[in-house]
Amino acid sequence: MAGKIYGIGVGPGDPELLTLKAKKILDAADVIAVPVKEAGEYSTALEIIRPVVDLDGKEIIEVVFRMLRDEEERRKCRAAACEQLADLLRGGKDIAMITLGDVSVYSTYMYVNNYLAEAGFETEIIPGIPSFCSGAAKAQLALMEGNEGLAIVPSAKENLLVDAALDHFENIVVMKSGGSIEKLIEKLKARDIPLSAATVLSCVGMENEYIGPLDPAREYSYFTTVIIKKGE
């Protein structure tokens, strides 16, 4: 009998934010699959679960998803990763593939889920807490209220998306913005949006956590999100 694969969101960084269902499945799984860009790469997702999931005796495998510029090469890499997992499923092993935050928010696992489901394997998605929800809670901010809308932009480098979000939404979440703080400040000033309307959420639930105003003098990690509330 073939195994089953679970896509598990492990939350933004604090192991205590791992859901009870996620822990139950991780404890029971035969294999924990860890997506990486290159073999041997440090995995934040794996370190998040380490304090709360007993990994002794677990089969832990790396699944490589290289960030290649060529779309065809990226497709081949994804297919090879999925076939690696399919071989384990054919052997009857249940797999838990971990991902930061929530599985449905910019997660590589969704390619895996769709590929393996189409191949006839049983799949299940276990949601996790997204970084912007955890960060908003830490900053004591409402992501939206009343009839307000919310735009989520994958990166500050996506200029057209950021511009459209700032022009048409009351609340904007800009993910992966650590290296683009100055660019965001310029966009806010161009629209007469006060800098006080923006809150930086960096390394939420991790070491070096920073929650505070936009500060171009600071260095921000890859795990940085900015919440902009135009009504503030």
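Keep in mind that this is a model prediction, so the values were computed, not measured. (Residues numbered from 1 in each chain as written. Predicted model: local features only at pLDDT ≥ 70, side-chain atom pairs only at ≥ 80, totals over all residues. Heavy atoms only, no water.)

Draft legend 1. Quick look at the overall build of the protein. When helices and strands are tallied, the protein shows seven helices and ten strands. Its C-alpha radius of gyration of 19 Å places the protein within 12% of the 17 Å reference for a compact globule of 232 residues. Taken across its 232 residues, the protein has 45% of its residues classed as buried. Of all intrachain contacts in the protein linking residues separated by at least 6 positions in sequence, the fraction that spans at least 24 positions is 68%. If you sum the accessible surface of the protein, you get close to 12000 Å²; carbon and sulfur atoms cover 50% of it. Averaging the coordinates of the 25 positive side-chain charges in the protein and doing the same for the 36 negative ones gives two points 2 Å apart. (Helix = DSSP H or I, 4+ residues; strand = E, 2+ residues; numbered from the N terminus. Rg over C-alpha atoms; globule rule 2.2 N^0.38 Å. Buried < 20%, exposed > 50% of the residue type's maximum accessible area, 1.4 Å probe, protein only. Contact = heavy atoms within 4.5 Å. Areas by Shrake-Rupley, 256 points an atom, 1.4 Å probe, with all protein chains shown as cover. Lys, Arg positive; Asp, Glu negative; His and termini not counted. Charge placed at Lys NZ, Arg CZ, Asp CG, Glu CD.)

Draft legend 2. Quick peek at the layout of surface pockets. When its volume is computed, the largest pocket comes out at roughly 1200 Å³. Around the largest pocket sit 42 residues that line it, and Thr99, Leu100, Tyr106, Lys176 and Tyr222 are the ones nearest its centre. Going through the elements one at a time, β2 (31-36), α2 (44-49), α3 (71-90), β4 (95-99), α4 (109-118), α5 (131-139) and β10 (224-229) are the ones with two or more residues in the lining of the largest pocket. (1 Å grid on protein atoms, 1.4 Å probe; cavity = no way out; pocket = protein on both sides within 12 Å on 5 of 7 lines; lining within 4 Å. Points joined across faces, edges and corners; volume = space filled by probe spheres on them.)

Draft legend 3. Up close: the pattern of salt bridges. One pass over the structure, following the stated rule, counts 15 salt bridges. Between Arg90 and Glu83 there is a salt bridge, with its nearest N and O atoms 3.5 Å apart. With a relative accessible area of 47%, Arg90 lands in the partly exposed category. Between Lys187 and Asp163 there is a salt bridge whose closest N-O contact spans 2.8 Å. (Salt bridge = Lys/Arg side-chain N within 4 Å of Asp/Glu carboxyl O.)

Draft legend 4. Structural detail: the packing of α3 against α4. Remark: α3 packs on α4, axes separated minimally by 10 Å, with the N-to-C direction vectors making an angle of 60°. Accordingly, the angle class assigned to the pair α3 and α4 is oblique. With respect to the hand of their crossing, α3 and α4 are arranged in right-handed fashion. Residues Arg78, Ala79, Cys82, Glu83, Leu85, Ala86 and Leu89 of α3 pack against Tyr111, Val112, Tyr115 and Leu116 of α4. (Axes fitted to C-alpha atoms, helices over the stretch in contact; angles between N-to-C directions. Parallel < 35°, antiparallel > 145°, perpendicular 65-115°, else oblique. Left-handed = near helix turned anticlockwise from the far one by under 90°.)

Draft legend 5. Looking closely at helix α7 (residues 181-190). Restricting attention to buried positions, one finds in α7 the residues Ile181, Leu184, Ile185, Lys187 and Leu188. Looking straight down α7, one finds its buried side chains confined to an arc of 165°; they lie on one side. Seen from the open side of α7, the exposed residues pointing more than 90 degrees away from its buried face are Glu182, Glu186, Lys189 and Ala190. Tucked inside the fold, the buried residues of α7 contact α6 (159-168), β7 (171-174), β8 (198-202) and β10. Phi turns positive one or two residues past the end of α7, at Asp192, with a value near 55°. (Arc of directions from axis to C-beta.)

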